[in-house]
Amino acid sequence: MSKRIAIIGGGISGLSAAFALEEKRRSGMPIEYVLYEAHPRLGGVLVTERVEGCLVEGGPDSFLTEKPWAAELCRQIGLGDQLIDSNDSQRKTYVLTKGKLVVMPEGLMFMVPTKILPTVLSPLFSMRTKLRMAREWFQPPQQGKADETVAELVERHYGAEMVDLLADPLLSGVYGGEASQLSVRAVLPRFADMETKHGSLGRGILSARKKMSTAAKGPPAPLFSSLKEGMQQMVDALLSRLDANFLRPSTPVQSLIPQDGGWTVSAGYQSDQFDGLIVATPAPAASVLLHVGDENLSRELGDIRYSSSVTITLAYDERVRRSLPPGFGFLVPRSEGRRMLAATFAHNKFPHRAPDNRALIRCFLGGSRDEHVLHSSNPEIIGIVRDELKQILGVEAEPLFVRVYKWKGAMAQYGVGHLERVQRIEALRKNLPGLALAGNAFSGIGVPDCVRSGKEAANKVLAAIGFGESVA
Ligand SMILES: Cc1cc2nc3c(=O)[nH]c(=O)nc-3n(C[C@H](O)[C@H](O)[C@H](O)COP(=O)(O)OP(=O)(O)OC[C@H]3O[C@@H](n4cnc5c(N)ncnc54)[C@H](O)[C@@H]3O)c2cc1C
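Residues numbered from 1 in each chain as written. Predicted model: local features only at pLDDT ≥ 70, side-chain atom pairs only at ≥ 80, totals over all residues.

> Mind laying out the site of the ligand, listing which residues take part and the relevant values?
Around the ligand, 36 residues are found, and the nearest of them are Gly9, Gly11, Gly44, Pro60 and Gly446. Elements represented by at least two residues in the shell around the ligand include exactly helix 1 (12-26), strand 17 (305-316), strand 21 (401-413) and helix 17 (447-464). For the shell around the ligand, the residue count by class is 19 nonpolar, 15 polar and two charged. Split by domain, the shell around the ligand shows at least three residues from each of two domains, domain 1 (3-44 + 233-304 + 414-464) and domain 3 (306-412). (Near = placed C-beta within 6 Å. Helix = DSSP H or I, 4+ residues; strand = E, 2+ residues; numbered from the N terminus. Nonpolar A, V, L, I, M, F, W, Y, C, P; charged D, E, K, R; others polar. Domains from an automatic or database assignment.)

> Report on the nonpolar core, specifying residues and quantitative values.
Ranked by internal contacts, the top residues of the largest apolar core, which has 133 residues, are Ile5, Ile7, Ala17, Val150, Val154, Ala167 and Ile278. Beyond its immediate stretch of four places on either side in the chain, isoleucine 5 contacts Leu21, Ile31, Tyr33, Phe274, Asp275, Gly276, Leu277, Ile278 and Val461. (Core = buried A, V, L, I, M, F, W, Y, C linked by C-beta atoms within 7 Å. Buried ≥ 20, exposed ≤ 12 C-beta atoms within 10 Å, placed from the backbone. Contact = placed C-beta atoms within 7 Å.)

> Can you break down the packing of helix 5 (residues 150-158) against helix 6 (residues 160-175) residue by residue, with the values?
Relative orientation of the contacting elements helix 5 and helix 6 amounts to 140°, with a least axis distance of 9 Å. Taken as axis vectors, helix 5 and helix 6 run oblique relative to one another. Helix-helix and strand crossings are classified by hand; for helix 5 and helix 6 the assignment is right-handed. Along the contact surface, helix 5 presents Val150, Ala151, Val154, Glu155 and Tyr158, while helix 6 presents Ala160, Met162, Val163, Ala167 and Leu171. Of the residues in the contact of helix 5 with helix 6, the class split is nine nonpolar, no polar and one charged. (Axes fitted to C-alpha atoms, helices over the stretch in contact; angles between N-to-C directions. Parallel < 35°, antiparallel > 145°, perpendicular 65-115°, else oblique. Left-handed = near helix turned anticlockwise from the far one by under 90°.)

> So what's going on with the packing of helix 12 (residues 295-302) against helix 16 (residues 418-430)? Which residues, and what values?
Closest axis-to-axis distance for the helix 12/helix 16 pair is 9 Å, and the angle between their directions is 150°. With respect to helix 16, the element helix 12 is oriented roughly antiparallel. You can see that helix 12 and helix 16 cross each other, and the crossing is left-handed. Along the contact surface, helix 12 presents Asn296, Leu297, Glu300 and Leu301, while helix 16 presents Arg421, Arg424, Ile425, Leu428 and Arg429.

> I'd like a description of the domain arrangement of the chain, backed by residues and values.
Examined at the domain level, the chain breaks down into domain 1 (3-44 + 233-304 + 414-464), domain 2 (107-215) and domain 3 (306-412). Here domain 1 and domain 3 have C-alpha centroids that lie 33 Å from each other. With eight residues of domain 1 in contact, the opposing surface of domain 3 contributes five residues. Residue composition of the side of domain 1 that touches domain 3, by class: seven nonpolar, one polar and no charged.

> Let's hear about helix 16: which residues, and what values?
Helix length check: helix 16, at 13 residues, gives a terminal C-alpha distance of 19 Å against a target of 18 Å (1.5 Å per residue), a fit within 8%. Those residues of helix 16 that sit buried are His418, Arg421, Ile425, Leu428 and Arg429. For helix 16, the angular spread of the buried residues around the axis is 100°, confining them to a single face. Seen from the open side of helix 16, the exposed residues pointing more than 90 degrees away from its buried face are Gln423 and Ala427. Taken together, the buried residues of helix 16 touch helix 7 (184-187), helix 12 and strand 22 (435-437). (Expected span 1.5 Å × (residues − 1). Arc of directions from axis to C-beta.)

Here's what the structure looks like:
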């Protein structure tokens, strides 16, 4: 008899888990799976729309090339020739400073300066911060530091201005979170390690780079990768490889009860028995669902905070396109007092996403400081963004079209102590029969990490129900 596995959540994490199970099933492993998704549409926050010849991303628009798992999956599902690189020759990012866009100096790695001249000449930083940068070079190694916030680490090295101008806006772009809340060990583990080993982050990065350049051959990899037809292409290709009989869209799961060494999954008026279970929902939903299974596990999951995000894409004509500065877009520090967190010039980042005579500006609002924006209507949000684009870029023209996407509680926030919490969750998970967890709550929020988490969850469940090698 086949063993049965339920997957709860049909975002990229759940779909990756389903694909890993489908591969095993096709190779003859006696398993079946059922994927439950609350919404009619599968794919979670991965949504791409084609509008008037432009490609509009509602959620993620790309993934980091250095994390291989998303590109690997794309190749496995026949999208190898659809992978595209970001247009790095145009990679210039601005920071809004006192109402003006100032270009980020060349050689900044996240917020660590690695080139002296461009940093010294940059009008972005005050003289005081530049002197801090010079002093930072001589910081001695710091052993045994406990976890702390990103803001604490950055401030210790470069001062408060660096937190405001770069660390905070960069983190609100990736996590929708604040440098003063997010854990350095969970979010920037390499920086924490560099501080332990080298003291100076600048010296740490240069040493890592030296090692990489002696190992690497050929031109440097692009920073971001994506797909020609957008991120939705990944969802569509995955769905085409899964058995539609095993997919249950529009089926929110209401309860998960451990029973007879397996799980009873209830959705609507139906209950079904499974040998294994993968929960791939955001952590707050997983917390509710696993409450009966283990209260402590449920509490730990519930303690992982999430923030919300709104993306707005506005399309403009050639005239506006010509008026925009070159580059990928800009960041907005909190001290500027705007609602917008950042904006991407999507037509430059991935040029084939808009015809040559169109500009696509994708703006981000929300994050942990502005959850309130979710309650604003679309016309209100468009009004805010148009007003700010007018002030920042001088764009007054009527957009050709606008798309607004609201993502409530979509971005996990890794607070101080997150890594220890994940260890506790992992220990509690193992006490429950055939259970694995996937998603952006644990060890990486980006698409590649979610893909990896789905695949690993599939392997863990298979091991727990008696297939394959035991997986820790
Ligand atoms: C606006 C935005 C921009 C982003 N940009 C990038 C980027 O450029 N690059 C990058 O790498 N990452 C980016 N990310 C992060 C990344 O996209 C997400 O972390 C990742 O896609 C999350 O996938 P997931 O499957 O874990 O969760 P989700 O996509 O949230 O899917 C979880 C699914 O579970 C379902 N669900 C919940 N409860 C139940 C239930 N009871 N029963 C059944 N189903 C349920 C939900 O309906 C949902 O579909 C971005 C995220 C957002 C929101």
